[in-house]
Amino acid sequence: MEIIVKDTVEEMSQVAARVVAKTLNAKPDAVLGLATGSTPLGLYQELVRMHQAEGLDFSQVTTFHLDAYVGLKQKHPQSYHYFMDENLFRHINIPHQNVYIPSGTTDNYEAFCKWYEQRIVECGGIDLQVLGIGTDGHIAFNEPSSSLGSRTRIKTLAKQTIDDNARFFESPDEVPVYAITMGVGTILEAERIILLAHGKHKSDAVAKAIEGPVTSMITASALQLHPDVLFIIDREAASSLDMLEYYEWIQDKMPDAP
Ligand code: GLP
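What counts, and at which threshold
- All residue numbers refer to position in the chain's written sequence, counted from 1.
- The predicted nature of this model means local features are confined to residues of pLDDT at least 70 and side-chain atom pairs, given and counted, to a pLDDT of 80 or more, with totals for whole chains, interfaces and linings taken over all residues.
- Working from all heavy atoms in the structure, the side-chain values ignore hydrogens and water.
- Among buried residues, those of type Ala, Val, Leu, Ile, Met, Phe, Trp, Tyr and Cys that are joined through side-chain atoms within 4.5 Å constitute a nonpolar core.
- Only protein chains enter the accessibility calculation, which uses a 1.4 Å probe; a residue whose area is less than 20% of its type maximum is buried, one above 50% is exposed, and one in between is partly exposed.
- Numbering goes from the N terminus for both helices and strands, where a helix is a DSSP run of H or I of at least four residues and a strand is a run of E of at least two.
- Only heavy atoms matter for contacts: two residues are in contact if any of them lie within 4.5 Å across the pair.
- For Phe, Tyr and Trp, where Trp contributes only its six-membered ring, two rings pair if their centres lie within 6.5 Å, and the inter-plane angle classes them as stacked under 30 degrees, edge-to-face over 60, or tilted in between.
- Only when the NZ atom of a Lys or the CZ atom of an Arg is both within 6 Å of the ring centre and within 35 degrees of the ring normal do we say a charge sits over the ring.
- Like-charged residues are merged into a patch within 9 Å and nonpolar side chains (Val, Leu, Ile, Met, Phe, Trp, Tyr) within 5 Å, provided each residue has over 30% relative accessible area and no salt bridge.
- For every accessible area listed, the method is Shrake-Rupley and the probe measures 1.4 Å; residues are considered covered only by the protein chains on display.
- Salt bridge, as applied in this entry: a Lys or Arg side-chain nitrogen positioned within 4 Å of an Asp or Glu carboxyl oxygen.
- The arc in question is the one spanned by the directions pointing from the helix axis to the C-beta atoms.

Engineer: For this particular structure, what's the right way to read the nonpolar core?
Structural biologist: Most often, soluble globular proteins keep nonpolar side chains buried together rather than apart. Core analysis: the largest hydrophobic core is formed by 40 residues, its most contacted members being Leu195, Phe231, Ile233 and Leu241. If you list the elements that add at least two residues to this core, you get strand 1 (2-6), helix 4 (109-122), strand 9 (192-197), helix 7 (203-211), strand 10 (229-234) and helix 8 (244-253). Once residues within four sequence positions are removed from consideration, Ile233 is found in contact with Ile3, Ile4, Val5, Lys6, Met12, Ala197, Val206, Ala238 and Leu241. Of all hydrophobic cores here, the second largest spans 34 residues; its members include Met50, Val61, Ile92 and Ile94.

Engineer: Just checking my understanding: could you explain the packing of aromatic side chains for this structure?
Structural biologist: Aromatic ring pairs are reported here in terms of the distance separating the ring centres and the angle at which the planes meet. Within the structure shown, the criterion is met by 10 aromatic pairs. Ring geometry for Phe112 against Trp115: centres 5.6 Å apart, planes inclined by 50 degrees, an arrangement best described as tilted. Taken together, the residues span about one helical turn, with Phe112 and Trp115 both in helix 4 at a distance of 3 residues. Connected via pairs of aromatic rings, a cluster forms that spans Phe64, Tyr100, Phe112, Trp115 and Tyr116. Across from the ring centre of Trp249, 4.3 Å away, lies the NZ or CZ of Lys253, which sits over that ring.

Engineer: What should I look at first to understand a nonpolar patch on the surface in this one?
Structural biologist: There is a patch of nonpolar side chains on the surface, built from Met243, Tyr246, Trp249 and Ile250 and spanning about 430 Å² of accessible area. In this fold, Tyr246 is placed in helix 8. A relative accessible area of 45% means that Tyr246 is categorised as partly exposed.

Engineer: Would you mind going over unusual backbone geometry with me for this structure?
Structural biologist: With the exception of glycine, most residues fall at negative phi, and the peptide bonds are largely trans. Unusually for a residue other than glycine, Ala140 sits at a positive phi of about 50 degrees. Its location among the elements puts Ala140 in the loop between strand 6 (128-131) and strand 7 (153-156).

Engineer: Is there a simple way to explain helix 3 (residues 80-87) in this structure?
Structural biologist: Every α-helix winds through 3.6 residues per turn, so residues three or four apart in the chain are directed the same way. When we look at burial in helix 3, the residues that qualify are Tyr80, His81, Phe83 and Met84. Down the axis of helix 3, the smallest arc covering the buried residues is 165 degrees, so these residues share one side. Check the buried side of helix 3 and you find it contacts strand 2 (31-34), helix 2 (41-54), strand 3 (62-65), strand 4 (67-69) and helix 5 (159-165).

Engineer: Honestly, the pattern of salt bridges in this entry has me stumped. Any pointers?
Structural biologist: Oppositely charged side chains can pair when the atoms bearing their charge come close. In the structure shown here, the tally under the stated rule is 12 salt bridges. Put simply, Asp7 and Arg235 hold a salt bridge, and the shortest N to O gap is 2.7 Å. Linking Asp7 in the loop between strand 1 and helix 1 (9-26) with Arg235 in the loop between strand 10 and helix 8, this pair joins segments that are 228 residues apart in sequence. Overall, the relative accessible area of 51% leaves Asp7 in the exposed class. Arg90 is paired through a salt bridge with Glu86; the nearest N and O atoms lie 3.3 Å apart. Three or more residues joined by partner-sharing salt bridges are found here, namely Asp7, Arg235 and Glu248.

The analysis is restricted to geometry; functional conclusions fall outside its scope.
Written out as structure tokens, the structure is:
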């Protein structure tokens, strides 16, 4: 695992955007795994800027999305379809048919989940997966006790996640209780993974993910099993790391740091 600590959210987002851009420059038809939530917003803004100002091309890119709330229609302002359209897709040149977001309104979830997994494989697998982290240490919606071998499926959201995400809804009662999410096993099959986190409220989850034991109680800790993971975090999110000085020493010596 590599850990890059930046002073600001803007710098964190720029580093992440450079990693994405490098992937697309090396492989214009790359398959990206993308996350929602407030964390990657700066990354998406930077990608939009790179597209508009520098011609970063998404015309051959395919994207798969980590998760979606069950029960929210695509047009719901809190649906992850809506989120991705607003924050990224309508500003770049990605073909609509290359975007795969789990359906929160299918009438056959089991079949959908199977199809989604199969589609990832048919598209050649995910080249670069972008992740955030929940305050309970989840990746996607793989809540504590999710199997580290899990695949795309329905999950019941933890109370902590519902409370965390209530800020986006008019009241906590409106937050869906179920989500459809890629599994930990699905995520671990990506070629390369970057996890972004900022803010003091993420520091405990980040420390457990990086320095804690691998446990299904903190599903982000499963990333320790992956051969190519880069954490890009701000100083506040890094503030509970015991070995921070060590990571910064390594970071200074990274030959081609993004
Ligand atoms: C959400 C999403 C995750 C996201 C995380 C953090 O519930 N399912 O994919 O990474 O929780 O969200 P935020 O970036 O808003 O803090």
